Every structure is written in C-alpha cells, then in structure tokens.
Amino acid sequence: MFLPLVPGHETPKRYFQRAMELDRLSHAYLFVGPEGGGKRRFARELSKIFFCEKGTACGSCAPCLSVEHGNNPNVNVYGPPEGKTMIEIDTIRALCERTHYRSSRVQVVLLERADLLNEPAANALLKTLEEPPGSALIILTAQSTGSLLSTIVSRCHRIHFGSRGEPAVPLPPEARAALEDAVLPGFFAREDVKSWLSRALPDEDGSRAALRRLLDGLVEEWRAKLDAEGAALDDALRRLGIFLDL
C-alpha cells in the first residue's frame, strides 16, 4: 500500500505514485490548503518513501522512524522560528545550503508555512528554485498562494489539499441555486457579484470568504465525482484551485 499511514488524500496519493512509477517527479512542490488539511503530515510521510526499506513509507522500519523522529540527515524541515511570525533569510540560506549537499541519496527539504516568507527570504528561495540541484526535492506548504511571489508559485508543481483530507460540506441549496443563475446569459450585466455572493452564502463574512468557500466546495465535490487518474485530473483540479486564491 502506498503511504499507508496517510488517511484520505487519494488524488495526491495517486499522483505521486504514478509520478514515481514513471520517474517523473518535479524538483519542487507546493502543497496548498487550509490549516488542518493534512498537507504537512502528507509531506513528511511522502519524504519517508525515498528511504523506506519497503518503499511504501511503512512507518516501522529504521529509516521511516528516523524521519519521524527528525534525525534522518537526508530530510530537513524548515519554517518560521519559534516566537516569530515570518520566515527570514537566514532560514532560507540554511535550506538552500542543504539542497546543495553532495550525497548519494536524495535531499528532501520541507518548508512549512511558506506563505510567511519575508521579501529577502522569498527572493533567496526563488534563486534555488530557478537553478535546482539535481539531487534535491523541495516541498513547500502554504495556506494559500496569495502572499507568495508568483514566480515561486510558477516554479512549483501545485497540489491542493482540502480540509482534513475529507470532502467539503455539501453546498447549501441557496448556493446551488445561485450557481445555476451564474451560468445564464447576461448574468454579469444584471448582477453585482458581491451581492450575489452574499445571497448565495449569507453566513460567510465578506465576499472573499464566500468565494473561497463556494469554489473550494466545487473543487472537493468534483474531486470525488470525477473518475480519472494521473496528470490530467491533477491539472484540471489545479486550474480550478487557482480561483481559490483570487
């Protein structure tokens, strides 16, 4: 079983299993989703794959346990220092240095909360993403891409994670009725979008939050409905996910 200790997240699992079977892993990934969506845990479990004695991230062999306990020299985790709300350039310098270590094994670096990068740190990370070393895998996690440099986002393969790895709560009837109106001819000519969103999801605080919930619900519902595998499905879901960051 692939990633047996990760519940749910079947689409990311299928994507990475297929990519590894075809030897088509990207050098950098961006895991995007709300807090509690499981993206950080998924990243840590995925990193075990490269060292696991069974090749599945079994969680019980010595290499898997070394990753779990944070003492595997080939897996390093970075993020905002304790007590700070930003990731500063010194952290990224250490990350970039690690990616250039000479080793016979892949160097996996995880950057948690990449959306907290300050400007100098973001620019330093971008340079490494533009000139990636061949033996490193870089995984970033973020709640959204709104505060990330667009050039960082464009140089990573983005994977969307829903809330806690489970399907979103079904959209309420008023939201579904509003969506049906949105596809009728002349919708934008006769409707104010903010007013329309407030009617569709009156319990949400602000149009931005309403739009995020509406589109996140659509992505999660279609993730469960579409019967497809591989890069085509992943690409379609990523395109829908772009709207979540408007």
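Here, every reference points to the structure presented above.
Quick notes on the rules
Residues numbered from 1 in each chain as written. Predicted model: local features only at pLDDT ≥ 70, side-chain atom pairs only at ≥ 80, totals over all residues. Heavy atoms only, no water. Buried < 20%, exposed > 50% of the residue type's maximum accessible area, 1.4 Å probe, protein only. Helix = DSSP H or I, 4+ residues; strand = E, 2+ residues; numbered from the N terminus. Right-handed = clockwise from strand over helix to strand, strands pointing away. Pairing = 2+ DSSP bridges. Axes fitted to C-alpha atoms, helices over the stretch in contact; angles between N-to-C directions. Parallel < 35°, antiparallel > 145°, perpendicular 65-115°, else oblique. Left-handed = near helix turned anticlockwise from the far one by under 90°. Contact = heavy atoms within 4.5 Å. Nonpolar A, V, L, I, M, F, W, Y, C, P; charged D, E, K, R; others polar. Phe/Tyr/Trp six-rings, centres within 6.5 Å; stacked < 30°, edge-to-face > 60°. Expected span 1.5 Å × (residues − 1). Arc of directions from axis to C-beta. Polar contact = N/O pair within 3.5 Å; in protein donor to acceptor, adjacent residues only side chain to side chain.

Caption draft 1: Representation of the pairing of strand S3 (residues 107-111). Burial analysis of S3 places 5 of its 5 residues in the buried class, the great majority of the element. Side chains Gln107, Val109 and Leu111 of S3 all project onto a buried face; the interleaved residues Val108 and Leu110 project onto the opposite face, where all are buried too. Following the backbone out of strand S2 (residues 75-78), through helix H4 (residues 89-99) and into the adjacent parallel S3, one traces a crossover that is right-handed. Pairing geometry for S3 and strand S4 (residues 136-142), over 5 bridges, is parallel. What sits directly across from Leu111, in S4, is Leu140. Remark: the S3/helix H5 (residues 119-130)/S4 crossover connection has right-handed handedness.

Caption draft 2: Representation of the packing of H4 against H5. Look at H4 against H5: their axes get within 8 Å of each other, and the N-to-C directions meet at 10°. If you check the angle between H4 and H5, you find them roughly parallel. Of the two elements, H4 crosses H5, and the hand of that crossing is right-handed. Judged by residue contacts, Ile89, Ile92, Leu95, Cys96 and Thr99 of H4 engage Pro120, Ala121, Ala124, Leu125 and Thr128 from H5. For the contact of H4 with H5, the per-class residue count stands at 8 nonpolar, 2 polar and no charged.

Caption draft 3: Region of interest: the packing of aromatic side chains. One pass over the full model with this rule turns up 9 aromatic pairs. Judged by centre distance (5.0 Å) and plane angle (80°), the rings of Tyr15 and Phe16 are edge-to-face. Comparing Tyr15 with Phe16 shows no difference in burial state: the two are buried. An angle of 70° between the planes, with centres 6.1 Å apart, marks the rings of Tyr15 and Tyr29 as edge-to-face. In this pair, Tyr15 is assigned in helix H1 (residues 10-21) and Tyr29 in strand S1 (residues 28-32), connecting sequence segments 14 residues apart. Each member of the pair, Tyr15 together with Tyr29, is buried. The rings of Tyr15, Phe16, Tyr29, Phe31, Phe42 and Phe161 are connected pair by pair, giving a single aromatic cluster.

Caption draft 4: Region of interest: H5. Its 12 residues give H5 an end-to-end C-alpha distance of 16 Å, which sits within 8% of 16 Å, the value for a rise of 1.5 Å per residue. For H5, every residue scored as buried is listed here: Ala121, Ala122, Leu125, Leu126, Thr128 and Leu129. Looking down the long axis of H5, one finds its buried residues gathered within 160° of arc, a one-sided arrangement. Seen from the open side of H5, the exposed residues pointing more than 90 degrees away from its buried face are Glu119 and Lys127. Its buried side turned inward, H5 meets S1, H4, S3, S4 and helix H6 (150-154). If you check the start of H5, you find a side-chain oxygen 2.9 Å away from the backbone N of Ala121, and it comes from Asn118.

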